[in-house]
Every structure is written in C-alpha cells, then in structure tokens.
Amino acid sequence: MDISPIAYFHSPYGTKFGIPKQSGIAASVEGTIVFEREYRSPDAVRGLDGFDYLWLIWGFSANAHKPSSLAVRPPRLGGNEKVGVFASRSPFRPNGLGLSSVALAGIDMNASEGPVIKVLGADLMDGTPVYDIKPYITYTDSHEHARSGFVDSHQWTRLKVAIDESVKQEIINRKGIKAVGMITEVLAEDPRPQYQHDPARVYGMLFMGMDIKFTVSGNLLTVIGIS
C-alpha cells in the first residue's frame, strides 16, 4: 500500500532533540496541522469540533536510516535494557509510523491554508508528515485498568528547571510569557540521551526558533542562555 501525507505538522520543536518521549507529556505545547491542498475543505473536518482529542498517524521523517535490529533500548529503562521493537514506542520501526493522541484546541476555518487544526501536547517535530487523523473515542480508546508493561514499574523522574531572570525576560520579549511555561514543561522531561550525565556539558535545544542552552547537574536543569 502506498500512502502519502494528507497534511504537515507545524511545531516549536526544530529538531528531534528535546521532543517529549510521548504525546501529552508537555500538554501546553501548541502545534498546528496544515492540510495539503486537495484536503483543504470544510467537508474534511465536518463534525471534528465535537471531539476533545485526536489520533495522529504520522511518519518519523527525520530518521536517516532504517532500523538494524528488532530489539530497542527504551529511555524509560535507562537506555541499557532491551525490549522488542513491538513492545515499545521506539521511532526506529520497520515502517517508521508514529501514533500520537493530542488535544484538539480549535479549528481555524478562515485561515489562508484552512481549515487549520490547532492541537496541544503533540510530540511531533516541525515539518512532520501526517498520514491520517482520527477522532479519539472514549468508550473504545480508553482502558482504565489496562497494564502498561515495563512502564508501570519504571517511573520517569522529572527535572527541576531553573531559568535565570535575564534569560527568562529575553524569552518573554521574543515569544511571550506562554513560551516560558512551554520551555519549562519540555525541559523538565530531561531531553538528554540517557547515557549522557556530564554536568559540565552544555546542551542546545531548538524550540520556537530559539536555541535554548542548558546544563544538567543531578536533578537540576539550568537554562544558561538563548540565541
């Protein structure tokens, strides 16, 4: 079966680095879905505003190489323990397809490229191809007491994020006060690869067109500057 994108995702995440490990984790981060020309019709989204959440089926377009193994190292397990690729949500998959549940924030029917769908909490990089959109339906998609494998027994520890007041003000001046909250929420999830723990290392994350520079020592992440 040949599939082609129906839309492309526009996101604050400029690269793969820093994107949360799952959708919904950074719930305040905003993104938009812009349809390809042939799908830019009100008929395509008729009734969609009656749902609170959507499923997005999309492609790991930034992966340069096909996976070389059917076993992967989930970050939740510290990057050392392996599980089967089909027991994980690793981006390195035979068909390179992602699945994300996102909150529907609105539909701009009057946009020049409309209708444009606005969502919250997506874990998609800017420019990601979207192959399908489906509504989230509670009575079939929610399973309250379902087991979640190794996720149930391995808690993810969030970092404390400190931003110098001068850096915070610069972010506000460039992108507004909401950007500070979004950056804090994303960084608290610890964007580093799990094997990197050098407190002297300066990391950079492209977000909202800014290069966010930070260090991590223990459980404290400190934003030291932006460019």
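The paragraphs below set out a description of the structure included in this document. (Residues numbered from 1 in each chain as written. Predicted model: local features only at pLDDT ≥ 70, side-chain atom pairs only at ≥ 80, totals over all residues. Heavy atoms only, no water.)

Regarding the overall build of the protein chain
When helices and strands are counted, the protein chain shows 4 helices and 12 strands. Taking 2.2 N^0.38 as the reference for a compact globule, 227 residues should give roughly 17 Å; the C-alpha atoms of the protein chain span a radius of gyration of 18 Å, in line with that estimate. Dimensions of the protein chain, computed from the C-alpha atoms along their principal axes, are close to 55 × 45 × 35 Å. Burial status across the protein chain gives 37% buried among its 227 residues. Long-range contacts, defined as pairs at least 24 residues apart, comprise 70% of the intrachain contacts of the protein chain with a sequence gap of at least 6. Accessible surface computed for the protein chain: about 13,100 Å², of which carbon and sulfur atoms make up 51%. Where the 23 positive side-chain charges of the protein chain centre and where its 24 negative ones centre are 6 Å apart. (Helix = DSSP H or I, 4+ residues; strand = E, 2+ residues; numbered from the N terminus. Rg over C-alpha atoms; globule rule 2.2 N^0.38 Å. Buried < 20%, exposed > 50% of the residue type's maximum accessible area, 1.4 Å probe, protein only. Contact = heavy atoms within 4.5 Å. Areas by Shrake-Rupley, 256 points an atom, 1.4 Å probe, with all protein chains shown as cover. Lys, Arg positive; Asp, Glu negative; His and termini not counted. Charge placed at Lys NZ, Arg CZ, Asp CG, Glu CD.)

Quick notes on the sheet that holds strand E1 (residues 7–10)
The 6 strands lie next to each other as E1-E2-E7-E6-E3-E8, forming a closed barrel whose pairing is antiparallel. Mean inter-strand twist for the sheet, computed between neighbouring axes without regard to direction, equals 45°. Relative to strand E8 (residues 129–135), strand E3 (residues 53–59) runs antiparallel, the two sharing 5 bridges. Opposite Ile57, over in E8, you have Asp132 as the bridge partner. (Pairing = 2+ DSSP bridges. Axes fitted to C-alpha atoms, helices over the stretch in contact; angles between N-to-C directions.)

Structural notes on the side chain of Asp123
Along the chain, Asp123 turns up in the loop between strand E7 (116–120) and E8. Buried Asp123, no salt bridge; nearest opposite-charge side chain is Arg89, N-O distance 6.9 Å. A polar side-chain atom of Asp123 sits 3.2 Å from the main-chain amide nitrogen of Ser23. Reaching out from Asp123, the side chain makes a polar contact with the side chain of Ser100 at a distance of 2.5 Å. Asp123 has contacts with Ile19, Pro20, Lys21, Gln22, Ser23, Trp58 and Ser100, leaving out every residue within four places of it along the chain. (Salt bridge = Lys/Arg side-chain N within 4 Å of Asp/Glu carboxyl O. Polar contact = N/O pair within 3.5 Å; in protein donor to acceptor, adjacent residues only side chain to side chain.)

Comments concerning helix H4 (residues 177–187)
The periodicity of an α-helix, 3.6 residues per turn, causes residues three or four places apart in sequence to face the same way. Along H4, the residues that are buried comprise Ala179, Val180, Met182, Ile183, Val186 and Leu187. If you follow the buried residues of H4, they end up packed against strand E2 (30–35), strand E9 (160–163), helix H3 (165–175), strand E10 (203–207), strand E11 (210–217) and strand E12 (220–226).

A closer look at the sheet that holds E12
Taken in spatial order, the 4 strands line up as E9-E12-E11-E10 in an open sheet, and their pairing is mixed. Edge positions in the open sheet fall to E9 and E10, since each of these has one partner strand only. Strand-to-strand twist in this sheet, taken as the mean axis angle between neighbours without regard to direction, amounts to 35°. As paired strands, E10 and E11 are joined by 5 bridges and run antiparallel to one another. By the bridge assignment for E11, Tyr203 is matched with Phe214.

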